[in-house]
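Coordinate inspection notes
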There are 2 protein chains.
Amino acid sequence: MRLNARSDYALRILMTLAANGGRPMTIAEIAVRFDLSVHHLQKIVWMLGQIGITRSIRGRSGGVALAKPAGSINLGRILREMEKDTALVECFRVDGGACPITPICRLRGVLAEAREAFLQVLDGCTLADVADNREALAALLNLGEPPKVSSTQTAPCS
Amino acid sequence: MRLNARSDYALRILMTLAANGGRPMTIAEIAVRFDLSVHHLQKIVWMLGQIGITRSIRGRSGGVALAKPAGSINLGRILREMEKDTALVECFRVDGGACPITPICRLRGVLAEAREAFLQVLDGCTLADVADNREALAALLNLGEPPKVSSTQTAPCS
């Protein structure tokens, strides 16, 4: 199974913002660090803003920043939003797909249960859990020195 | 998230063979029922044969059939095989991908745990669990009258 690129990039954006200690970054500054398209990230940042995860700051030192503490950003919430239009298999599509056994298929329920089990692992995890090693992340991403924040939280998540 | 088409089609093939009461079917007979490519299904049937799930029967009334009872065919085993080359996200690729934070990323472990949680739901489920309504499946797939088999098993799986 695979997540769509939107989920992958949304998580990278959020980890980068968390590692940057709450200071805003431009989308171009994030994109260059992952060699990704600014245009692609703009759409994802817009989606994150729509659900209140990131906020835009105007002005010369503006950009995008986390809209709330990393410990309040649930990863299951992010994945559920980014994957909401992705069908696990054909019969999960909005149009129902074309598989002839769909009306009586007992596999669909099992697959839905499995998808939920996947998401529930992320439900138990916040951005702070996975970005707790912020100094190391900031160094790898050339973010400069982020504010020192003590934490005892470690992944995997509670 | 989405499964690759190989997984989807492998499960359809197995449910069809289970609904057909153990009698062999040609790949063309299966393909036409799902409006799928014979060539594509041939590769999947070959993979299922390689792991001992299906067997080929030669001769005029030959084709492909289940190699063991549906109750002995674990769906987690099928998904793990069909998805083994599919990277959940870029850093799960064999080549490791190009994400700069991969060496210290704490998200990877959480995503691997979530993937395992998905597969473990399927590990608890056999083909018999999801193909227990074989008469109804056979009718929808125009398979003719399969042998009567009494069963009390219902999905979702134990």
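Relevant structure appears above.
These notes cover the structure that comes with them. Starting from 1, residues in each chain are numbered consecutively following that chain's sequence as written. Working convention: letters from A go to chains and numbers from 1 go to ligands, in the order in which they are written. Where totals are concerned, whole chains, interfaces and linings use all residues; where local detail is concerned, this predicted model gives features only for residues with pLDDT of at least 70, and gives and counts side-chain atom pairs only at 80 or more. As a rule here, side-chain values come from all non-hydrogen atoms in the structure, and water together with hydrogens is ignored.

1. Structural notes on the overall build of chain A
The helix and strand labels rest on DSSP assignments: H or I over at least four residues marks a helix, E over at least two residues marks a strand, and numbering proceeds from the N terminus. Helices and strands together make up the secondary structure of chain A, namely seven helices and two strands. Taken from the N to the C terminus, the helices and strands of chain A come in the order α-α-α-β-β-α-α-α-α. Each principal axis of the C-alpha atoms in chain A carries an extent, and together these give about 55 × 35 × 25 Å. We call a residue buried when its accessible area falls under 20% of the maximum for its residue type, exposed when it is over 50%, and partly exposed in between, using a 1.4 Å probe and counting protein chains only. A burial count over chain A gives 51% of its 158 residues as buried. Taking the intrachain contacts of chain A between residues at least 6 apart in sequence as the baseline, contacts between residues at least 24 apart amount to 67%. Summed over all atoms, the accessible surface of chain A reaches about 7300 Å², with 51% contributed by carbon and sulfur. Averaged over its 19 positive side-chain charges, chain A has a centre that lies 5 Å from the centre of its 15 negative ones. The contact rule is simple, with two residues in contact once any of their heavy atoms fall within 4.5 Å. Residue burial considers only the protein chains on display, and all accessible areas are found by Shrake-Rupley using a 1.4 Å probe. Under the convention used here, Asp and Glu are negative, Lys and Arg are positive, and both His and the chain ends fall outside the count. Taken as the charge centre is NZ of Lys, CZ of Arg, CG of Asp or CD of Glu, depending on the residue.

2. Description of the relation of the copies chain A and chain B
Take chain A, turn it by 180°, move it 0.0 Å along the axis, and it overlays chain B with an RMSD of 0.0 Å. In the structure described here, the two chain copies are related by an operation that fits a two-fold rotation axis. Residue Phe118(A) of chain A places its C-alpha closer to the rotation axis than any other residue of that unit, at 2.5 Å. In this assembly, 100% of the residues forming the interface of chain A have copies in chain B that are likewise at the interface, indicating an isologous arrangement. The copies were overlaid with a least-squares fit restricted to C-alpha atoms from residues scoring a pLDDT of at least 70 in each copy.

3. Remarks on the pattern of salt bridges
Proximity of charged atoms lets side chains of opposite charge pair with each other. Residue and element names in this part refer to chain A. What makes a salt bridge here is a side-chain nitrogen of Lys or Arg within 4 Å of a carboxyl oxygen of Asp or Glu, nothing more. Following the criterion strictly, the structure yields 16 salt bridges over all chains and no others. Between arginine 77 and glutamate 81 there is a salt bridge, with the nearest N and O atoms lying 3.7 Å from each other. Placement of the pair is arginine 77 and glutamate 81 together in helix H4 (residues 75-82), with a separation of four residues, close to one helical turn. Look at arginine 77 and you get partly exposed, because its relative accessible area is 39%.

4. Notes on the pairing of strand S1 (residues 54-57) of chain A
All names here are of chain A. Pairing between two strands requires that DSSP report at least two bridges joining them. Relative to strand S2 (residues 63-66), S1 is paired through four bridges, and the arrangement is antiparallel. Note that in S2 the partner of arginine 55 across the bridge is alanine 65. Counting the residues that bridge the hairpin from S1 to S2 gives five residues, and of these glycine 59 lies at a positive phi of roughly 105°.

5. Some remarks on the interface of chain A and chain B
Between chain A and chain B, the contact holds 49 residues from the first and 49 residues from the second. Buried area: the sum, over both parts, of the accessible surface (1.4 Å probe) that disappears when the two are put together. Between chain A and chain B, the buried area comes to about 4600 Å², and carbon and sulfur atoms account for 73% of it. Broken down residue by residue, the surface that chain A buries against chain B is led by Met1(A), Arg2(A) and Arg106(A), which jointly contribute 20%. Taken together, chain A and chain B are joined by four salt bridges.

6. Comments concerning the environment of Gly109(B)
One can find Gly109(B) in helix H5 (residues 107-123). When the C-alpha atoms of Gly109(B) and Arg2(B) are compared, they prove to be 19 Å apart, with 107 residues separating the residues in sequence.

7. Some details on the nonpolar core
The biggest cluster of nonpolar side chains holds 112 residues, and the ones touching the most others in it are Ile78(A), Phe118(A), Leu127(A), Ile78(B), Phe118(B) and Leu127(B). Once you skip the residues sitting within four places of it in the chain, Leu127(B) turns out to touch Leu14(B), Met15(B), Ala18(B), Leu66(B), Ala70(B), Ile73(B) and Leu75(B). Remark: nonpolar core denotes a set of buried residues (Ala, Val, Leu, Ile, Met, Phe, Trp, Tyr, Cys) joined through side-chain atoms within 4.5 Å.

8. Digging into the side chain of Asp8(A)
For Asp8(A), the position within the fold is in helix H1 (residues 5-19). We classify Asp8(A) as buried; its relative accessible area is 11%. Excluding residues that lie within four positions of it along the chain, Asp8(A) makes contacts with Val89(B) and Glu90(B).

9. Re the packing of aromatic side chains
Any pair of Phe, Tyr and Trp rings, taking the six-membered ring for Trp, is counted once the centres come within 6.5 Å. Such a pair is stacked with planes under 30 degrees apart, edge-to-face with planes over 60 apart, and tilted for the rest. Counted according to the given criterion, the structure contains zero aromatic pairs over all chains. Only lysine NZ and arginine CZ atoms are considered, and such an atom sits over a ring when it is within 6 Å of the ring centre and within 35 degrees of the ring normal. Here the guanidinium or amino end of Arg108(A) rests over the ring plane of Phe92(A), the centre of that ring lying 5.6 Å away.

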